[in-house]
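Listed below are the residues making up each chain.
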Amino acid sequence: MTELAKEAFTSRNYHLAVELYERCLKQQGSSYEVLLGYGDSLVKCGRVRESIEIYSRCLAAMSVPAERLKHLATALLEDMVGVGTSFRRRFETSFACPLCEGTLCQPVTAGCGHTYCRNCVDPSKNCRVCGLKIAMVSETNVLVQRLVERWWPREAEASRARHEGDILLRKGHLGQALERYNLAVHFAK
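Residues numbered from 1 in each chain as written. Predicted model: local features only at pLDDT ≥ 70, side-chain atom pairs only at ≥ 80, totals over all residues. Heavy atoms only, no water.

### Examining the pattern of salt bridges
What counts, and what does not: Salt bridges are defined as contacts in which a side-chain nitrogen from Lys or Arg sits within 4 Å of a carboxyl oxygen from Asp or Glu. Elements are defined by DSSP. Helices are runs of H or I of four residues or more, strands are runs of E of two residues or more, and each kind is numbered from the N terminus. Only protein chains enter the area calculation, which uses a 1.4 Å probe; residues under 20% of their type maximum are buried, those over 50% are exposed, and those in between are partly exposed.
In the structure shown here, the tally under the stated rule is nine salt bridges. With a closest N to O distance of 3.8 Å, Glu 3 and Lys 6 form a salt bridge. Here Lys 6 and Glu 3 lie together in helix H1 (residues 2–10), a separation of three residues that amounts to about one turn. On the basis of relative accessibility, which here comes to 52%, the residue Glu 3 falls in the exposed class. Assessed through its relative accessible area of 36%, Lys 6 is described here as partly exposed. We note a salt bridge from Glu 157 to Arg 160, for which the minimum N-O separation is 3.0 Å. Linking Glu 157 with Arg 160, this pair stays in helix H8 (residues 153–170), spanning three residues, or about one helical turn.

### Focus: the packing of aromatic side chains
Spelled out, the test is: Pairing of aromatic rings covers Phe, Tyr and Trp, the last through its six-membered ring, and needs centres within 6.5 Å; plane angles under 30 degrees mean stacked, over 60 mean edge-to-face, and all others mean tilted.
In this structure the tally under the stated criterion is four aromatic pairs. When the ring of Phe 9 is compared with that of Tyr 14, the centres are 5.1 Å apart and the planes differ by 65 degrees; the resulting orientation is edge-to-face. The same class applies to Phe 9 as to Tyr 14, namely buried. Measuring from ring centre to ring centre gives 5.0 Å for Phe 95 and Trp 152, while their planes differ by 45 degrees; the resulting arrangement is tilted. Taken together, the positions of Phe 95 in helix H6 (residues 87–95) and Trp 152 in the loop between helix H7 (142–151) and H8 put the pair 57 residues apart, joining distant regions of the chain. The same class applies to Phe 95 and to Trp 152, which are both buried. Each member of the aromatic cluster is reached from another via a ring pair, and the members are Phe 95, Trp 151 and Trp 152.

### Here we look at unusual backbone geometry
A negative phi angle characterises most non-glycine residues, just as the trans form characterises most peptide bonds. Look at Glu 101: it is not a glycine, yet its phi comes out positive at around 65 degrees. Relative to the helices and strands, Glu 101 resides in the loop between H6 and strand E1 (107–109). Exposure remark for Glu 101: the relative accessible area of 57% places this residue in the exposed category.

### Re the nonpolar core
Inclusion rule: Here, nonpolar core means buried Ala, Val, Leu, Ile, Met, Phe, Trp, Tyr and Cys residues that are tied together by side-chain atoms lying within 4.5 Å of each other. Working rule for contacts: check all heavy atoms of both residues, and any pair within 4.5 Å makes them a contact.
One finds Tyr 38, Ile 52, Leu 72 and Phe 95 to be the most contacted residues of the largest nonpolar core, which totals 43 residues. Going through the elements one at a time, H1, helix H2 (14–28), helix H3 (32–44), helix H4 (48–61), helix H5 (70–80), strand E2 (115–117) and H7 are the ones with two or more residues in this core. Look past the residues within four positions of Leu 72 in its chain and what remains in contact with it is Val 43, Val 48, Ser 51, Ile 52 and Tyr 55.

### Details of the packing of H7 against H8
Heads up, the condition is: What counts as an axis is a line fitted to C-alpha atoms, over the stretch in contact for a helix, and the angles between N-to-C directions run from 0 to 180 degrees. Just so you know the grouping, Ala, Val, Leu, Ile, Met, Phe, Trp, Tyr, Cys and Pro go in nonpolar, Asp, Glu, Lys and Arg go in charged, and all remaining residues, Gly too, go in polar.
As a packed pair, H7 and H8 sit with axes 5 Å apart at the nearest point and diverge in direction by 115 degrees. Touching Gln 145, Val 148, Glu 149, Arg 150 and Trp 151 of H7 are Pro 153, Ala 156 and Arg 160, all from H8. Residues of the contact of H7 with H8, tallied by class, amount to four nonpolar, one polar and three charged.

The values reported here are purely geometric and, on their own, carry no functional implication.
Rendered as structure tokens:
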């Protein structure tokens, strides 16, 4: 089955490759090579956010050579300089929380594959993107966090300050919450 998925990818039938890799994962479990092939196929289908979670799983298992991340890097660069859409819109769809719509802050990925800010995700609710029940939430997705902090440091600081303000407000510390919100406004453009 893995060989068929590789052939589908090589022949640029990326949607078929995704389906075949998903079957491989169900039947054989998650091996390093299958996960990398699945991540590459997701990227080629335009499902960059889902692929980042898969690449993160690979990185957690072992070191991934830089050349194996070329499909992800290419997709991210194409997304940043894409034709016909504003940079802000591409940013919002790639690295924004589906719930608060701000820059991902301490990003965690739900079992369905969609990524939220840690403070926004609620395991008792349904995913805002796909509607599936958010049953499990992963640890902080360090790869996504580092990407956001590196490429959009001001937006990341603004989001962190806003989330800290939300936490302080819930605890009843209005003055401190307002300070954090003011800092968020200062960092946001």
